[in-house]
Amino acid sequence: MTATTTLTVTLTKAGRTKIRYPAALVTDTGDRISVRAPWAADGVRDFGFVRFEPGDVFTEHFWRTRWYAVKEVRTGGGVLKGWYCDVTRPAVVADGGIRVEDLDLDLWVSADGTSVLRLDEDEFAASGLAESDPQAAAEAVRALDTLAAQAHTPQGLTALLT
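What you are looking at is a predicted structure, and each value in this text was computed from that prediction instead of being measured.

Conventions we followed
- Residues numbered from 1 in each chain as written.
- Predicted model: local features only at pLDDT ≥ 70, side-chain atom pairs only at ≥ 80, totals over all residues.
- Heavy atoms only, no water.
- Helix = DSSP H or I, 4+ residues; strand = E, 2+ residues; numbered from the N terminus.
- Buried < 20%, exposed > 50% of the residue type's maximum accessible area, 1.4 Å probe, protein only.
- Pairing = 2+ DSSP bridges.
- Salt bridge = Lys/Arg side-chain N within 4 Å of Asp/Glu carboxyl O.
- 1 Å grid on protein atoms, 1.4 Å probe; cavity = no way out; pocket = protein on both sides within 12 Å on 5 of 7 lines; lining within 4 Å.
- Points joined across faces, edges and corners; volume = space filled by probe spheres on them.
- Nonpolar A, V, L, I, M, F, W, Y, C, P; charged D, E, K, R; others polar.
- Core = buried A, V, L, I, M, F, W, Y, C linked by side-chain atoms within 4.5 Å.
- Contact = heavy atoms within 4.5 Å.

Caption draft 1: Summary view of the overall build of the protein chain. Within the protein chain one finds 3 helices and 11 strands. Mapped from its N terminus to its C terminus, the protein chain presents α and β elements in the order β-β-β-β-β-β-β-β-β-β-β-α-α-α. Each principal axis of the C-alpha atoms in the protein chain carries an extent, and together these give about 50 × 40 × 35 Å. Every one of the 162 residues in the protein chain was classed for burial, and the buried ones make up 41%.

Caption draft 2: How the structure looks around the pairing of strand 8 (residues 80–88). By the criterion of burial, strand 8 is predominantly enclosed, with 8 of the 9 residues buried. Note: strand 7 (residues 68–74) against strand 8, 7 bridges, orientation antiparallel. Note on strand 8: the bridge partner recorded for Arg 74 is Leu 80. Counting the residues between successive antiparallel strands, the hairpin from strand 7 to strand 8 contains 5 residues, one of them, Gly 78, with a positive phi of roughly 95 degrees.

Caption draft 3: Summary view of the pattern of salt bridges. Taken as a whole, this structure holds 15 salt bridges when the rule is applied. A salt bridge links Asp 46 to Arg 51; the nearest nitrogen and oxygen atoms lie 3.8 Å apart. Here the salt bridges share partners, and the residues they tie into one network are Asp 46, Arg 51, Glu 53, Asp 56 and Lys 81.

Caption draft 4: Up close: the layout of surface pockets. Approximately 510 Å³ is the volume attributed to the largest pocket. As for the largest pocket, its lining consists of 23 residues, and the residues nearest its centre are Leu 11, Lys 18, Trp 39, Arg 45 and Tyr 84. At the level of elements, strand 1 (6–13), strand 2 (16–28), strand 3 (32–38), strand 6 (57–63), strand 8 and strand 10 (97–110) are the ones that each hand at least two residues to the lining of the largest pocket. Residue composition of the lining of the largest pocket, grouped by class: 12 nonpolar, no polar and 11 charged.

Caption draft 5: Quick look at the nonpolar core. In this structure, Val 70, Leu 107, Leu 147, Leu 157 and Leu 160 are the most contacted members of the largest nonpolar core, which totals 25 residues. Going through the elements one at a time, strand 7, strand 8, strand 10 and helix 3 (134–151) are the ones with two or more residues in this core. Counting residues per element, this core draws most heavily on helix 3, at 8 residues. Leave out the neighbours within four places in its chain, and Leu 107 touches Trp 83, Tyr 84, Cys 85, Val 116, Leu 117, Arg 118, Leu 119, Leu 144, Leu 147, Ala 148 and Ala 151. Leu 7, Val 9, Ile 33 and Val 100 belong to the second-largest nonpolar core, a separate cluster that totals 13 residues.

Spelled out as structure tokens, the structure:
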């Protein structure tokens, strides 16, 4: 039996830590690193189109070269709720952790793939990133467009994970 490797995932936004939590390493391809963790926030978060709640399990995929993270969300019983995607700067994996900077844009894809929702575009516009770092802003928009386009294909987001 091998011991499970635990990494600390740290999500920052505008220079501040948004959330930090332990996650079990699933795989590391050298570019994509995947971890699994239970819902790490306190209580229930109801977005209207999905509820994240205690017992939910997130299998999270981060890339060292891509500007997004894809999070598969399941109930504690294993039922797929869908995929929540964060647009982020490429992940930094070092010192037993994964650090990602949230760039406000998000995408939700329902379990059956019929609902693809672009989220927080107003927050992104208000963030000032387009003025302070136009290259990062362009990468963020490109990442959201890429995720949305992939979500609408027959293979959906799972094609990114092979």
